[in-house]
Amino acid sequence: MHLRGVVLPGDEVRDLWVRDGVISFEPVRDAETLCATGWIVPGLVDAHCHVGIRYGGGHEDRDGAIAQAEVERDAGALLLRDAGSPIDTRFIDDHHELPKIIRAGRHIARPKRYIRELGIELDDERDLPDIVAEQARFGDGWVKIVGDWIDRSVGDLRPLWSDAILKEAIDAAHREGARVTAHVFGEDALPGLINAGIDCLEHGTGLTDDTIEMMVEHGTALVPTLVNIDTFPDIADSATKFPVYAAHMRDLHRRVRDTVANAHAAGVPIYTGTDAGGSIRHGRIADEIDALAGAGLSRHEALAAASWRAREWLGRPGIEDGAPADFVVYRTDPRSGRDALDAPAYVVLRGRVYPGRDPVTGHR
Ligand SMILES: [Zn+2]
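All of these numbers come straight from a predicted model, not from anything done at the bench. (Residues numbered from 1 in each chain as written. Predicted model: local features only at pLDDT ≥ 70, side-chain atom pairs only at ≥ 80, totals over all residues. Heavy atoms only, no water.)

Topic: the state of the cysteines
Right, so step 1: The final tally for this structure, using the stated rule, is zero disulfides.
Right, so step 2: Lacking any disulfide linkage, C200 is separated from the closest cysteine sulfur, that of C49, by 14 Å.
Right, so step 3: On the basis of relative accessibility, which here comes to 0%, the residue C200 falls in the buried class. (Disulfide = S-S within 2.5 Å. Buried < 20%, exposed > 50% of the residue type's maximum accessible area, 1.4 Å probe, protein only.)

Notes on empty space enclosed by the protein
Right, so step 1: Applying the stated criterion to the full structure yields one cavity of 30 Å³ or more.
Right, so step 2: Looking at the largest cavity, its volume works out to about 40 Å³.
Right, so step 3: Along its surface, the largest cavity is lined by D148, L157, R158, P159, G186, E187, D188, A189 and H248.
Right, so step 4: It is strand 13 (residues 156-159) that provides the largest number of residues to the lining of the largest cavity, a total of three residues.
Right, so step 5: Counted by class, the lining of the largest cavity contains three nonpolar, two polar and four charged residues. (1 Å grid on protein atoms, 1.4 Å probe; cavity = no way out; pocket = protein on both sides within 12 Å on 5 of 7 lines; lining within 4 Å. Points joined across faces, edges and corners; volume = space filled by probe spheres on them. Helix = DSSP H or I, 4+ residues; strand = E, 2+ residues; numbered from the N terminus. Nonpolar A, V, L, I, M, F, W, Y, C, P; charged D, E, K, R; others polar.)

Some thoughts on helix 2 (residues 128-138)
Right, so step 1: Buried residues of helix 2: L128, P129, I131, V132, A133, Q135 and A136, and no others.
Right, so step 2: On its buried face, helix 2 is in contact with strand 9 (108-109), strand 10 (120-121), strand 11 (142-146) and helix 3 (163-175). (Contact = heavy atoms within 4.5 Å.)

Description of the pairing of strand 11
Right, so step 1: Most of strand 11 is tucked away: five of the five residues are buried.
Right, so step 2: Across the two faces of strand 11 the burial is the same, with W142, K144 and V146 and V143 and I145 all buried.

Notes on the domain arrangement of the protein
Right, so step 1: When its domains are assigned, the protein resolves into domain 1 (1-43 + 318-363) and domain 2 (44-315).
Right, so step 2: For domain 1 and domain 2, the distance between their C-alpha centroids amounts to 29 Å.
Right, so step 3: For the pair domain 1 and domain 2, the summed buried area comes to about 1,900 Å², and 62% of that belongs to carbon and sulfur atoms.
Right, so step 4: Of all residues in domain 1, G43, R335 and R350 bury the most surface against domain 2, accounting for 28% of the area lost on that side.
Right, so step 5: Put simply, domain 1 and domain 2 have one salt bridge between them.
Right, so step 6: Remark: the boundary between domain 1 and domain 2 carries seven residue pairs in polar contact (both at pLDDT 80 or more).
Right, so step 7: Secondary-structure elements contributing two or more residues to the side of domain 1 that touches domain 2 are strand 5 (39-42), strand 17 (327-330), helix 13 (338-342), strand 18 (344-349) and strand 19 (352-355).
Right, so step 8: Examining the composition of the side of domain 1 that touches domain 2, we find that four residues originate from one element, strand 18, more than from any other.
Right, so step 9: Residue composition of the side of domain 1 that touches domain 2, grouped by class: 14 nonpolar, four polar and six charged. (Domains from an automatic or database assignment. Buried area = accessible area lost by both parts, 1.4 Å probe. Salt bridge = Lys/Arg side-chain N within 4 Å of Asp/Glu carboxyl O. Polar contact = N/O pair within 3.5 Å; in protein donor to acceptor, adjacent residues only side chain to side chain.)

A closer look at the layout of surface pockets
Right, so step 1: Volume-wise, the largest pocket comes out at about 870 Å³.
Right, so step 2: Y114, I115, W149, I235 and S279 are the residues nearest the centre of the largest pocket, which is lined by 38 residues in total.
Right, so step 3: Elements with a minimum of two residues in the lining of the largest pocket: strand 12 (148-151), helix 7 (232-238) and helix 8 (243-254).
Right, so step 4: Grouping the constituent residues of the lining of the largest pocket by class yields 13 nonpolar, 16 polar and nine charged.

As for the side chain of E202
Right, so step 1: Its place among the elements puts E202 in strand 15 (residues 200-203).
Right, so step 2: Among the polar contacts made by the side chain of E202, one reaches the side chain of R81 at a distance of 2.6 Å.
Right, so step 3: Residue contacts for E202: discarding those within four places in its chain leaves A47, H48, R81, K144, T181, A182, H183, V184 and V223.

With respect to the coordination of the zinc ion
Right, so step 1: In the first shell of the zinc ion, the protein supplies H48 (NE2), H50 (NE2) and D275 (OD), at 2.0 to 2.1 Å from the metal.
Right, so step 2: Mapping the donors of the zinc ion onto the primary sequence gives the spacing H-x1-H-x224-D. Of this pair, H48 sits in strand 6 (residues 44-49) while D275 sits in the loop between helix 9 (256-266) and helix 10 (285-293); the two residues are 227 residues apart in sequence, bridging distant segments of the chain.
Right, so step 3: Residue H48 is classed as buried on the basis of its relative accessible area of 1%. (Donors = N, O, S within 2.8 Å, 3.2 Å for Na, K, Ca; no water.)

Description of a negative patch on the surface
Right, so step 1: Among the surface-exposed residues, E121, D123, D127, D130 and E134 lie close enough to one another that they form a single negatively charged patch.
Right, so step 2: Following the sequence through the fold, E121 ends up in strand 10.
Right, so step 3: Overall, E121 belongs to the partly exposed group, its relative accessible area being 36%. (Patch = residues over 30% accessible without salt bridge, like charges linked within 9 Å, V, L, I, M, F, W, Y side chains within 5 Å. Areas by Shrake-Rupley, 256 points an atom, 1.4 Å probe, with all protein chains shown as cover. Lys, Arg positive; Asp, Glu negative; His and termini not counted. Charge placed at Lys NZ, Arg CZ, Asp CG, Glu CD.)

A word on the sheet that holds strand 8 (residues 100-102)
Right, so step 1: Taken together, three strands build an open sheet; the order of strands is 6-7-8 and the sheet is parallel. Whereas interior strands pair on both sides, the edge strands pair on one side only; in this sheet they are strand 6 and strand 8. Here the average twist between neighbouring strands, direction ignored, is 25°.
Right, so step 2: Sheet strands in contact with helix 1 (residues 62-74) are strand 6 and strand 7 (77-82), and its direction is about 130° off that of strand 7. (Pairing = 2+ DSSP bridges. Axes fitted to C-alpha atoms, helices over the stretch in contact; angles between N-to-C directions.)

Pasting the structure below:
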């Protein structure tokens, strides 16, 4: 197979070939031309995605997990960083037609301090380092902990862990060669997590100038999941018994685009994640790219955060000679706006071509 187009991020018109599922910049004889014009973008990354959590809640079965992964692929998301799944999705590694999943094992939380039955719930926080090390061995280089959640006894967001135990737990993960990320909505859990050396924060809606500065010092990454944060007003509406919490959630939502813009301007590395699964449908990577482009990132930076920069962060190649042929072909520059992003002409995964979406009818 042969393609010609503008290859990102280099922005040059190039010819590339695909043979045996791998990219080649050397001509392949008798190759059929798939496209002679277009934009060729390294496979998109949903860096916060839950394959295995059913939309509406609960555990997905194998067929359901496969269906979720197919939806991600068709949207161009070919590399998924799982941010905690209640089921073992390792069987997906044998499905070459499905995106690559980088697993984080199961969420680690405390009783009544996260979505029920999703994570491992520790009665005693002193078990955290051992459980983190166990999940580090179970995952693909990431561990996910729940950093804060509503504490119904106080009626507001509160950290789940003491600062000292976080430091021990994150050190334990690093000894296993794994990186750690945390779910965090509010302000109070942030200093403990960042100072403990956490590698990434999910959501991070409570970031302030001070904690953004701490992230910059520690090199902590941020995955804001804006399409999920936009559900905060609904969460607040349903939390009638907890007015302080509801007001807090509304406030976090109101300023989230400024928060992300401030973090980006300060130099915090930002990556796209949709939080698909549970309350967000799969296949919304274009929505998140578009949302980041409305939160202080240029359209080029927002695409980079969902493609080549995220791939580099996760240790996966872009469009390189000898790399797996995982890329998305667009008819028009995907940095030109929402319509272009929504209508990839082709999705190529491990050298296999999947049809994109017709820009007019929306059909594949
Ligand atoms: Zn999530």
